[in-house]
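Coordinate inspection notes
Below, each chain spelled out in residue letters.
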Amino acid sequence: MGIQKITSNILINKGLKLAKRLELKEIGFSSLKSARQYAKSRAIEALKCVDPHERLVILDKTSHKIIKEVEGNKHSVNPAGVLIPQNTSYVHGHPTIAIANGKTIATPISFQDFKAINEKNVKDIIAFNESGEFSALMKKADFKQLSEEQINYYQNIHNVYAFYEKNLIKRISKKFPKKLQNCQSFQELKNNFLELRKKGLNLEKILKMLENCNDIIKNSIGKHESKGIHKFWKDYADELGVIYKTNYTYLS
């Protein structure tokens, strides 16, 4: 059938089923606003299913076409292998990580998201939470692509903002494998892994333990860590050449 030109009203009401039924690779819209409405609805739909996950909707801002929808997991989504047009917007969802005062909490836009728009053709990236609130990064006109060294530098700063050394690891260490349950900080966690390696513990077992710890850390991020990420963007967005915007109500 080729590219479908469908009005926004039809797409918002019927587009989800239509896209699945026809298995369209691209869907065209009469305006960027209509395309964004569709992308938002698809991203949020994935957050409200039985297995909440990130769904990335890749939008060509010039042609108003949805280029591709990519399914991820509860922590991330990877558009590897997708041909990205020159003026692209990424729209996706961030699953709920906690509930406080009756409000669902999701993380703001992540540094991993920034790494996505550090690529040449991606102009902005938007993350929606289950309630439809957004967190976004947009490239400034004078944005300059960061080198791998610069990326590592700012990611380390981001991690300091996001993870409270005296809070997070201490709070969740009892969930770690038995050999690591006395850790009080990321540094202690790292030192323990190095010590286990020196004592001859099989590398495969160490990597499995590390993967397990990473999953525990990711699943333990809450409101405090989300506020840390929010503060990082407020402090560093301008330096990184991007504009940061959000209306997440629990970050104030």
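Here, the structure is the one placed above.
Report on the accompanying structure.

Examining a nonpolar patch on the surface
A surface patch of nonpolar side chains, amounting to about 250 Å² of accessible area, comprises Leu 203, Leu 207 and Leu 210. Its location among the elements puts Leu 207 in helix H7 (residues 203-220). Leu 207 gets classed as partly exposed once you look at its relative accessible area, which sits at 48%.

Considerations on the layout of surface pockets
Of the pockets and cavities examined, the largest pocket occupies roughly 1,500 Å³. Counting residues per element, the ones that place at least two in the lining of the largest pocket are strand S5 (88-93), helix H3 (111-117), strand S8 (122-128), helix H4 (148-162), helix H6 (186-198) and H7. By residue class, the composition of the lining of the largest pocket is 23 nonpolar, 16 polar and eight charged.

Looking at helix H2 (residues 32-47)
Here H2 spans 23 Å end to end across 16 residues, near enough to the 22 Å set by a 1.5 Å rise per residue. Of the residues making up H2, those classed as buried are Ser 34, Ala 35, Tyr 38, Ala 39, Arg 42, Ala 43, Ile 44, Ala 46 and Leu 47.

Some details on the pairing of strand S4 (residues 65-71)
One ladder, built from two bridges, connects strand S2 (residues 27-28) with S4; its direction is antiparallel. Among the inter-strand pairings, Gly 28 is bridged to a residue of S4, identified as Lys 65. In textbook terms, the turn of a hairpin is the stretch between consecutive antiparallel strands, and for strand S3 (residues 55-60) and S4 this stretch comprises four residues, one of which, His 64, has a positive phi near 65°.

A closer look at the pairing of S3
On a regular strand, one side chain projects to one face of the sheet and the next to the other, so that they alternate. Where burial is concerned, most of S3 is hidden: six out of the six residues are buried. Of the two faces of S3, both are covered, the one formed by Arg 55, Val 57 and Leu 59 as well as the one formed by Leu 56, Ile 58 and Asp 60. The pairing of S3 with S4 spans six bridges and is classified as antiparallel. Note on S4: the bridge partner recorded for Arg 55 is Glu 71.

What counts, and at which threshold
Residues numbered from 1 in each chain as written. Predicted model: local features only at pLDDT ≥ 70, side-chain atom pairs only at ≥ 80, totals over all residues. Heavy atoms only, no water. Patch = residues over 30% accessible without salt bridge, like charges linked within 9 Å, V, L, I, M, F, W, Y side chains within 5 Å. Areas by Shrake-Rupley, 256 points an atom, 1.4 Å probe, with all protein chains shown as cover. Salt bridge = Lys/Arg side-chain N within 4 Å of Asp/Glu carboxyl O. Helix = DSSP H or I, 4+ residues; strand = E, 2+ residues; numbered from the N terminus. Buried < 20%, exposed > 50% of the residue type's maximum accessible area, 1.4 Å probe, protein only. 1 Å grid on protein atoms, 1.4 Å probe; cavity = no way out; pocket = protein on both sides within 12 Å on 5 of 7 lines; lining within 4 Å. Points joined across faces, edges and corners; volume = space filled by probe spheres on them. Nonpolar A, V, L, I, M, F, W, Y, C, P; charged D, E, K, R; others polar. Expected span 1.5 Å × (residues − 1). Pairing = 2+ DSSP bridges.

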